[in-house]
Amino acid sequence: MIVDCAIYRDGQRAEGPEDLSDALGEARTAGGFVWIGLHEPTEGEFDHVTREFGLHPLAVEDALKAHQRPKLEVYDDSLFVVLKPVAYEPQSDTVSSGEIMIFLGDSFVVTVRHGEGAPLKAVRHRLEQEPELLGKGPTAVLYAVADATVDHYLDVATELQTDLEGLEAEVFSPDGGGSRNTASRIYDFKRQVLEFRRATGPLAPPMSRLAGTASTGVAVPFVDDRARPFFRDVNDHLTRVNESVENLDRLVSDILSAHLAQMSVRQNDDMRKISAWAAMAAIPTMLAGIYGMNFEHMPELRWVWSYPALLVLMAALEMMVFRLFKRRGWL
């Protein structure tokens, strides 16, 4: 469905015509651009937009099906950019991602949003409060959407870091590290970091191209060269985010390894205790087994004090072995 449609002239909003067929021509005549926002459009709803703006069929297919990696593709009449905004729910420790597809032409911007984590409404409102920036044309929309998406990445990375510090404290606490579901919680957290990485990592090459820092050095069509410093700022923020994601991933892996090592040490301690108690139980078992063989000629069988003496011997041996194991830390 079409969420919003407007023509912008010199940074000021003018409501777009009801018929999209007139929107692009009117924008070009007035020296402005038209910005159409759609949310999860169907193929039939998008057909009209595709025909009027001459969008490439491959890019249209990607925009309809969604589930794309962040990327930048150049076609004859437009630029196609895919961004993946993310949202983090601290209560459930869940990272969810949406998608924003941007078609950028000489006098038009078409944004297609999938999911609920896309900041387009706030971006449009902020741009309309800054007519000087909006007056730069479609490039300003691409910059503002990318900037809002990457800035939110920084917020999500901070929230993940805070929650990970809490999980780390729990793992290394005297009691929390032995919980049965601790390993599964760490692994689930690692999956959320991986979901975050899928959104931020592939965006680095497209943002480098927009910033003019890519190895190719070729200018991106439909993007004003004067906007490169702004995209470099976004690229710097994205680099910080990717570094944070790498650090989070390494730290989660280290925490998981440390937890497994703790569990292994605890199991070894338990096995040593079990072995120590088994060794102590073997002493009376051995002595009772010897004197329970019922042979006729055995020493002390007819001695009156043989039974209490044997009990005292068992107790003395048990105490000696107990002190030996205790001194070595087995008990």
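Residues numbered from 1 in each chain as written. Predicted model: local features only at pLDDT ≥ 70, side-chain atom pairs only at ≥ 80, totals over all residues. Heavy atoms only, no water.

Caption draft 1: Representation of the overall build of the chain within the structure. If you tally the helices and strands in the chain, you get 10 helices and nine strands. For the chain, with 331 residues in total, the buried portion stands at 41%. Of the contacts made within the chain by residues no fewer than 6 positions apart, 65% connect residues no fewer than 24 positions apart. Carbon and sulfur atoms form 55% of the exposed surface of the chain, whose accessible area is close to 18000 Å². (Helix = DSSP H or I, 4+ residues; strand = E, 2+ residues; numbered from the N terminus. Buried < 20%, exposed > 50% of the residue type's maximum accessible area, 1.4 Å probe, protein only. Contact = heavy atoms within 4.5 Å. Areas by Shrake-Rupley, 256 points an atom, 1.4 Å probe, with all protein chains shown as cover.)

Caption draft 2: How the structure looks around the packing of aromatic side chains. In the structure shown here, the tally under the stated rule is eight aromatic pairs. Taking 5.0 Å as the distance between ring centres and 50° as the angle between the ring planes, the aromatic pair formed by phenylalanine 53 and phenylalanine 108 counts as tilted. Placement of the pair is phenylalanine 53 in helix α2 (residues 43-53) and phenylalanine 108 in strand β9 (residues 108-114), with a sequence separation of 55 residues. On the basis of relative accessibility, which here comes to 5%, the residue phenylalanine 53 falls in the buried class. By relative accessible area, which is 2% here, phenylalanine 108 ends up buried. An aromatic cluster is present here, built from Tyr8, Phe33 and Trp35 joined pairwise through their rings. (Phe/Tyr/Trp six-rings, centres within 6.5 Å; stacked < 30°, edge-to-face > 60°.)

Caption draft 3: Local environment of the UniProt feature "transmembrane region" (unreviewed entry) in the chain. Mapped onto the present numbering, the UniProt feature "transmembrane region" (unreviewed entry) falls at residues 274-293 and 305-325. As a span, residues 305-325 carries 95% helix and 0% strand, and end to end its C-alpha atoms are 30 Å apart. (UniProt positions renumbered as here; feature names shortened; annotations may be inferred.)

Caption draft 4: View of the packing of helix α6 (residues 138-171) against helix α7 (residues 182-200). Orientation of α6 relative to α7, taken along the N-to-C sense of each, is 165°, at an axis distance of 12 Å. Considering their axes alone, α6 and α7 lie roughly antiparallel with respect to each other. Judged by the sense of rotation from one axis to the other, the crossing of α6 with α7 is left-handed. Across the interface between the two elements, Tyr153, Val156, Ala157, Leu160, Asp163, Leu164, Leu167, Glu170 and Val171 of α6 pack against Thr182, Arg185, Ile186, Phe189, Phe196, Ala199 and Thr200 of α7. The residue makeup of the contact of α6 with α7, split by class, is 11 nonpolar, two polar and three charged. (Axes fitted to C-alpha atoms, helices over the stretch in contact; angles between N-to-C directions. Parallel < 35°, antiparallel > 145°, perpendicular 65-115°, else oblique. Left-handed = near helix turned anticlockwise from the far one by under 90°. Nonpolar A, V, L, I, M, F, W, Y, C, P; charged D, E, K, R; others polar.)

Caption draft 5: Just the sheet that holds β9, in detail. Spatially, β2-β1-β3-β9-β8-β5-β4 is the arrangement adopted by the seven strands of the open sheet, whose pairing is mixed. Of all the strands in the sheet, the pair left with one neighbour each is β2 (12-15) and β4 (71-74). Across the sheet, the mean angle from the axis of one strand to that of its neighbour is 20°, orientation sign disregarded. Alignment of strand β1 (residues 2-9) against strand β3 (residues 33-39), held across six bridges, turns out to be antiparallel. Bridging across to β3, alanine 6 finds its partner in tryptophan 35. With respect to the sheet, α2 is in contact with β3, β8 (99-104) and β9, its orientation differing from that of β9 by roughly 155°. Contacts from helix α3 (residues 57-65) reach β4, β5 (79-83), β8 and β9, with the element oriented near 155° to β8. (Pairing = 2+ DSSP bridges.)

Caption draft 6: Summary view of the confidence of the model for the chain. Of all residues in the chain, 89% have pLDDT values of 70 or greater, and the mean over the chain is 83. The secondary structure element of the chain with the lowest average pLDDT is helix α1 (residues 20-30), at 74, and the one with the highest is β5, at 94. (pLDDT = per-residue confidence, 0-100.)

Caption draft 7: Molecular detail of the nonpolar core. Among the nonpolar cores identified, the biggest contains 57 residues, and Leu142, Tyr153, Phe196 and Phe231 are the most heavily contacted of them. If you tally residues by element for this core, the top one is α6, at 17 residues. Once you skip the residues sitting within four places of it in the chain, tyrosine 153 turns out to touch Lys84, Pro85, Val86, Phe196, Ala199, Thr200, Leu203, Leu238 and Val241. (Core = buried A, V, L, I, M, F, W, Y, C linked by side-chain atoms within 4.5 Å.)

Caption draft 8: Just the side chain of lysine 71, in detail. If you trace the backbone, lysine 71 turns up in strand β4. For lysine 71, a relative accessible area of 18% corresponds to the buried category. Setting aside its immediate chain neighbours within four residues, lysine 71 contacts Asp62, Phe80, Val81, Val82 and Pro206.

Caption draft 9: Quick peek at the pairing of strand β7 (residues 94-97). With four bridges connecting them, strand β6 (residues 86-89) and β7 associate as antiparallel partners. Residue pairing across strands places valine 86 opposite serine 97, the latter belonging to β7. If you look at the hairpin formed by β6 and β7, you'll find four residues sitting between the two strands, and aspartate 93 has a positive phi there, around 55°.

Caption draft 10: Expanded view of the environment of arginine 185. The topology assignment puts arginine 185 in helix α7. A relative accessible area of 33% places arginine 185 in the partly exposed class. Remark: the alpha-carbon pair of arginine 185 and aspartate 93, spanning 92 residues in sequence, is separated by 9.3 Å. The residues contacting arginine 185, other than those within four sequence positions of it, are Asp93, Leu167 and Glu170.

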